[in-house]
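Here's the letter readout for the chains.
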Amino acid sequence: MNLIERLPAQWRAELAPFLDGPATAALGEFVAAEYAAQTVYPPVEDLFAAYRLCLPEQTRVLILGQDPYHGPGQAHGLSFSVRDGIRVPPSLRNVFKELAEDVGVAPPTGGDLTGWARQGVLLLNAVLTVRAGKAASHAGKGWEAFTDATIRALNARDDRIVFLLWGGYARKKAELITNPVHAVLEAGHPSPLNRAGFLGSRPFSAANKALADAGRPVVDWDPRATV
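All of the points below concern the structure found in this document. Bear in mind the structure is a predicted one, so any value in this text is a computation, not a measurement.

So, on to the layout of surface pockets. Regions of empty space are outlined by a rolling probe, equal in size to a water molecule, passed over the atoms. Approximately 560 Å³ is the volume found for the largest pocket. If you go around the largest pocket, you meet 31 residues; those closest to its centre are D67, Y69, F80, S91 and H189. Secondary-structure elements contributing two or more residues to the lining of the largest pocket are β2 (61-65), α5 (90-103) and α8 (168-171). By residue number, the principal contributor to the lining of the largest pocket is α8, which donates three residues.

Take a look at the structure:
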């Protein structure tokens, strides 16, 4: 599987300086073998949904997750998001709770965040695939270098991007963001297992303030908004 060819042309150009060719080829071979022999999420057609819906020149905010949901029908290529009709996972319920408290958006009944992606919110997982029922089963196989390259490519852009890093794993990526034009907003993970550090962090209003301060359009954080 040639991963680079599956990306939109704009992302191919931006990632090229930051990717190791042989390592990316090896990752593609691993991913192809997993899809052939195992049940893997998300479906292969949704593998790069985040990149397809949010091109680099459109990106205003990045929300970084760890790896895809590993239950049937959940993962569709956007971090934290599930398709409508799928039960909203606990972490996303907390995201919606904070959304209501922060910017007054009533919690949606469904968990599809495609509306955010279409507004320039890159919903990126650090690892883009997972075996069914086995969380973190594709960690350490090469995806981390691929998605680190994505963060580095965005870091190299001149227009402000707000990086929302939730939880210890995501916060480690702050060291990749060295361009002072950008804004890094850190908080705890929204998982209910994390009893402090996310609820009350007000990330959505803070992200919009950082965008407005740089003269960039703000995000309508209602995922049901017509864009």
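A full pass over the atoms with the stated rule returns 12 aromatic pairs. Pairing F48 with W143 gives two aromatic rings, centres 6.2 Å apart and planes at 85°, and the pair type is edge-to-face. Of this pair, F48 sits in the loop between β1 (40-41) and α4 (49-53) while W143 sits in helix α7 (residues 143-155), and the two are 95 residues apart along the sequence. For the pair formed by F48 and W143, the shared burial category is buried.

Mapped onto the elements, S81 comes out in the loop between β2 and α5. Among the polar contacts made by the side chain of S81, one reaches the main-chain amide nitrogen of L113 at a distance of 2.9 Å. The contacts of S81, once residues within four sequence positions are left out, are Y69, Q74, H76, L92, G111, D112 and L113.

Glancing now at helix α3 (residues 21-37). Taking 1.5 Å per residue as the helical rise, α3 with its 17 residues ought to reach 24 Å, and the 25 Å between its terminal C-alpha atoms agrees with that figure. Residues of α3 that are buried include every one of T24, L27, G28, V31, E34 and Y35, and no others. Viewed along the axis of α3, the buried residues span an arc of 130°, placing them on a single side of the element. In α3, those exposed residues whose orientation departs by more than 90 degrees from the buried face are P22, E29, A36 and A37. The inward-facing, buried residues of α3 contact α1 (3-6), β1, β4 (130-131) and α7.

Scoring rules and cut-offs
Residues numbered from 1 in each chain as written. Predicted model: local features only at pLDDT ≥ 70, side-chain atom pairs only at ≥ 80, totals over all residues. Heavy atoms only, no water. 1 Å grid on protein atoms, 1.4 Å probe; cavity = no way out; pocket = protein on both sides within 12 Å on 5 of 7 lines; lining within 4 Å. Points joined across faces, edges and corners; volume = space filled by probe spheres on them. Helix = DSSP H or I, 4+ residues; strand = E, 2+ residues; numbered from the N terminus. Phe/Tyr/Trp six-rings, centres within 6.5 Å; stacked < 30°, edge-to-face > 60°. Buried < 20%, exposed > 50% of the residue type's maximum accessible area, 1.4 Å probe, protein only. Polar contact = N/O pair within 3.5 Å; in protein donor to acceptor, adjacent residues only side chain to side chain. Contact = heavy atoms within 4.5 Å. Expected span 1.5 Å × (residues − 1). Arc of directions from axis to C-beta.

So yeah, pure geometry; function would need other evidence.
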